[in-house]
Every structure is written in C-alpha cells, then in structure tokens.
Number of protein chains: 2
Amino acid sequence: MHMELEHLLPQEIEKRSFEIITKELAGKQLNPEHELIIKRCIHTTADFDYADNLCFSKQAVPKALKALRQGADIVTDTQMAKAGINKRTLAKFGGTVHCFIADEDVALEAKERGMTRSAASMEKAGKLNKKVIFAIGNAPTALIKLHEMIQEGKVNPELIIGVPVGFVNVVQSKELILKTEVPYIVARGRKGGSNVAAAICNALLYQLV
Amino acid sequence: MHMELEHLLPQEIEKRSFEIITKELAGKQLNPEHELIIKRCIHTTADFDYADNLCFSKQAVPKALKALRQGADIVTDTQMAKAGINKRTLAKFGGTVHCFIADEDVALEAKERGMTRSAASMEKAGKLNKKVIFAIGNAPTALIKLHEMIQEGKVNPELIIGVPVGFVNVVQSKELILKTEVPYIVARGRKGGSNVAAAICNALLYQLV
C-alpha cells in the first residue's frame, strides 16, 4: 500500500480526488447529466456502490437546476443534511434550506398523532408557499409521508432526493418514490445518508456557478 | 424483495434496525466493548464494512467514557459532524461540541500559511484548556495536523475518532494515528464521514445514560 503523504495545495485536493474517482470508474458508462452527482456521492462516501444504486427520473437534473436558478428552497429531514449544504451558493439564487425536525410544533404534532417527527416535519414543509426540493437522507418515514402528500395533491416537489439510509422501510420508501411522476434522484437499496443528501444538493448547486 | 411497509411505532424503529444488523452480523465475533459503536456505524451507513474496518486502541472505549463523564468536550472538523452529535446528552456531563472550521481567524490563518482550514481549526482547538475528544470525519489534513501536534506535545487528546473519508491522504492519515500512543477509534481505509464521526460520538454518549 502506498503510504507516503501526497503533498498538495488545499485547493488541489478535491480535484485530485475526482481524478482518482474518474480513473477507478474507468469503463463505466455514466450518463453525462448524472455524472457529477454520482461522482460527488462517491467522493462523500468512498463507496462506489453509488455508481450503480442512484436512479434518476427523466430530466431530473435539468429540472432541478432550473428550479434552483428560480430560487427554489431545499427542505431536509435532518440538521446534518442542512449543515452540509452550501447555503451561500443556494442563497445567491434566492433559496434557503429548511429543516423543521427540531421545531416544537413538529414535536407536539408527532407525539399527538403517534408519527415520527420526520414525517410531521414534512407536513410543515408542505405549507411552504415556494418551489421546494426535498432532500431526505435519514428518515424513510419522511419519504413515506411525502409520497402520501403527493398522492393527496398536497405537495408538488421540484425534485425529491430520496436517499434515507437503513434497515426498516428504507428500501420500500424509495420504491414508492420511484413509482411517482415527481422528479427524483433516489439511491435504491439500503444505502444513503444525510451526507449523501447534502452531496447531491451540492453537486446540483456547483453546476449553477 | 419484501416490499410491504412494516408498521412500527416511531420508538420501535431503531430497536428493529439494530435487531436486523445483529442478525446479519451473526457468526461475527465482536469485542463487547466495541459492539455498540460498530453497530451504530452500520446503522448510520447501511455499510457492513464497518464491522471490519474499525480499529480500536486498547481500552479506547472505557477511556473515552471516563473522559465524557468528566465533562470532556468534543471537537469536530465539520459542521455536519457537530450537527449530528447529541449535544443534549453531552451537556448533561458538562461537555460542549466545537467546530472552528467557519471561524474568520481560522480562514485567515489557513490562507496566510497555505494550509487547509481543517488543519488550522485543529490548531485553534489545541488551545482549549479542557479534556478533548477529537472527532474527524472529513479532512485528512486535520488528522495529519493533530498527529503533528501530538508529536510536538501540543495536544493530548482523550480520544481521536479518525474517520475521514476519501481518496487523497485519507488512508495515510489514519495510519499515522494508528502508530500513536493516543487512544483512538479509526476506520482503516478510505471510508468514514461526518455521519460516521457523529455516530461514534453518539454510540459513546448513549452508553453514559
């Protein structure tokens, strides 16, 4: 194993990382529209499964870029995902990141109705009177609630980033989104995470500037 | 593939997840001292590689628990890791989470000296006059700087959680920490992340309550 430190300037590190990822993906045909997103997910996780598990609805990326340029907000299910998104770039176009999970009214609503705070936070987000991209990196219950709200015509997302992680209802919640007509980017299977949700948002944002 | 949704109460979801993880790890001998940490990393990533890649120095866990009980602070290299740590539980014992990456003085120092902000943020953390656990989930340059500061006697961490992720100097930076006498929990190889760093902190914190 190569154990010498590589000496790079701070600004060269990310470029070098993407070169390594590109090299290791050699031979893999990536849709150019999806390529930057796939590579950033690998960059964030060092997990090449994302070259295979990411599913994109038709035109998901250009539709999302258009929405972001028009000032769409992003709603996340965790503070971690919110923390990881480049809010400065989003703000240039008029967008804000929201995460309602820690709000008192959300906690109360969740407790009263025996639902997760993640699901209750989606209902609160449904009341935003703006174009919204949902970035779900943790809670399948958030994704299931979103699906329900879409079926009921209560929300019409510009994009759903559906990358919750885990073992209970995660696979199923993603399959629900794959069956909708809403633009989506979904990591099929168990994998995902708040870091992956943020990485996908950033991979979109970095294409705007 | 089983595609029906499982109907669980919110408070049952995590328990059920850990049951699935335990079942799928069947036959794998885990050190009881490390078990909760390994399982929480898998819970956070749905990646069973963490059953193999996590390395613990001798007595790392009891030493870390003792430090946390005594009010140790946690320093992270990213806002995401900070966002993911259960700060309420930490505060019960007198600890706080710090992340200096976005501080103006850190940005200035980094620019002047041609180093990463991550590395500069470790120097700032070295001035904390408290017991400190370092949780590094993103930047190998932070880990390399910590190693340098340890060699120079400038810092004496209660624990280093060394789980940066990626492709440039990540493997090497972790190997540096594995050679120190400082208590460590390190994810050998390329994998890790801010989510993994936070998960390890939380797996420790949940053992205190």
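Just above sits the structure.
I will try to describe carefully the structure that is included in this document. Because the structure is a prediction, the values reported are computed rather than measured. Here the residue numbering is sequential within each chain, running from 1 through the sequence in written order. For this description, chains carry letters from A and ligands carry numbers from 1, given in the order in which they are written. Restriction of local features to residues with pLDDT of at least 70 applies here, the model being predicted, together with a cutoff of 80 or more for giving and counting side-chain atom pairs; totals for whole chains, interfaces and linings are based on all residues. As a rule here, side-chain values cover all heavy atoms of the structure and leave hydrogens and water aside.

1. Focus on the overall build of chain A
Test applied: A run of H or I in DSSP becomes a helix once it reaches four residues, and a run of E becomes a strand once it reaches two; helices and strands are each numbered from the N terminus. Per-residue accessibility, obtained with a 1.4 Å probe over protein chains only, is compared with the maximum for each type, and a residue is labelled buried under 20%, exposed over 50%, and partly exposed between these values. The criterion used for residue contact is that any of the two residues' heavy atoms lie within 4.5 Å. In these tables, accessible area is a Shrake-Rupley quantity obtained with a 1.4 Å probe, and a residue counts as shielded only by the protein chains included in the view. Charge assignment: positive for Lys and Arg, negative for Asp and Glu; neither His nor the chain ends contribute. Where a charge lies is defined by one atom per residue type, namely NZ (Lys), CZ (Arg), CG (Asp) and CD (Glu).
Looking only at helices and strands, chain A has 11 helices and 6 strands in total. For chain A, the C-alpha atoms occupy an extent of roughly 55 × 35 × 30 Å along the three principal directions. The proportion of buried residues among the 209 residues of chain A is 58%. A separation threshold of at least 6 residues defines the contact pool for chain A, and within that pool the share at least 24 residues apart is 63%. Accessible area for chain A stands at about 9,400 Å²; split by element, carbon and sulfur atoms hold 48% of it. Positive and negative side-chain charges of chain A, numbering 28 and 24 respectively, have mean locations separated by a distance of 3 Å.

2. Describing helix α8 (residues 117-125) of chain A
All buried positions along α8 of chain A are accounted for by Ser-118, Ala-119, Ala-120, Ser-121, Met-122 and Ala-125 of chain A. Considering only its buried residues, α8 of chain A is in contact with β2 (73-76), α7 (104-113), β4 (132-136) and α9 (140-151) of chain A.

3. Considerations on the packing of aromatic side chains
The test is simple: Pairing of aromatic rings covers Phe, Tyr and the six-membered ring of Trp, with a centre-to-centre limit of 6.5 Å; geometry is then stacked below 30 degrees between planes, edge-to-face above 60, and tilted otherwise.
The final tally for this structure, using the stated rule, is 2 aromatic pairs over all chains. Measuring from centroid to centroid gives 5.9 Å for Phe-48 of chain A and Phe-167 of chain B, while their planes differ by 80°, and the two rings are edge-to-face. Here Phe-48 of chain A, found in the loop between α2 (32-45) and α3 (50-53), pairs with Phe-167 of chain B, found in the loop between β5 (159-162) and α10 (170-178), and the two come from separate chains. Judged by its relative accessible area of 23%, Phe-48 of chain A is partly exposed.

4. Overview of the relation of the copies chain B and chain A
Filter applied, for reference: Fitting of the copies onto one another was done by least squares over C-alpha atoms, counting residues only where both copies have pLDDT of at least 70.
In screw terms, the move from chain B to chain A is a rotation of 180° and a rise of 0.0 Å along the axis, fitting with an RMSD of 0.0 Å. The operation mapping one copy onto its partner corresponds to a two-fold rotation axis. When C-alpha distances to the rotation axis are compared across chain B, the minimum falls at Met-80 of chain B, with a value of 2.4 Å. Here 100% of the interface residues in chain B have copies in chain A that are interface residues too; the copies meet face to matching face.

5. Observations concerning the state of the cysteines
Covalent bonding between the sulfur atoms of two cysteines is what defines a disulfide. Residues and elements named next belong to chain A. Selection criterion: Cysteine sulfur pairs qualify as disulfides if the two atoms are within 2.5 Å.
For the structure on display, the rule yields 0 disulfides over all chains. Summary of cysteine pairing: Cys-41 is not part of a disulfide, and the nearest cysteine sulfur, belonging to Cys-201, is at 9.9 Å. Overall, Cys-41 belongs to the buried group, its relative accessible area being 0%. Judged by relative accessible area, Cys-201 falls into the buried class, the value being 1%.

6. What about α9 of chain A?
Applicable threshold: Multiplying 1.5 Å by the residue count of a helix minus one yields the expected span of that helix.
End to end, α9 of chain A covers 17 Å across 12 residues, agreeing with the expected 16 Å (1.5 Å per residue, within 8%). For α9 of chain A, a buried count of 10 out of 12 residues is recorded, marking the element as mostly surrounded by other parts of the structure. All of the buried residues along α9 of chain A are Pro-140, Thr-141, Ala-142, Leu-143, Ile-144, Lys-145, Leu-146, His-147, Met-149 and Ile-150 of chain A. Residues of α9 of chain A that are buried make contact with α7, α8, β4, β5 (159-162) and α10 (170-178) of chain A together with α1 (10-24) of chain B. Looking one or two residues past α9 of chain A, Gly-153 of chain A carries a phi angle of roughly 70°, positive in sign.

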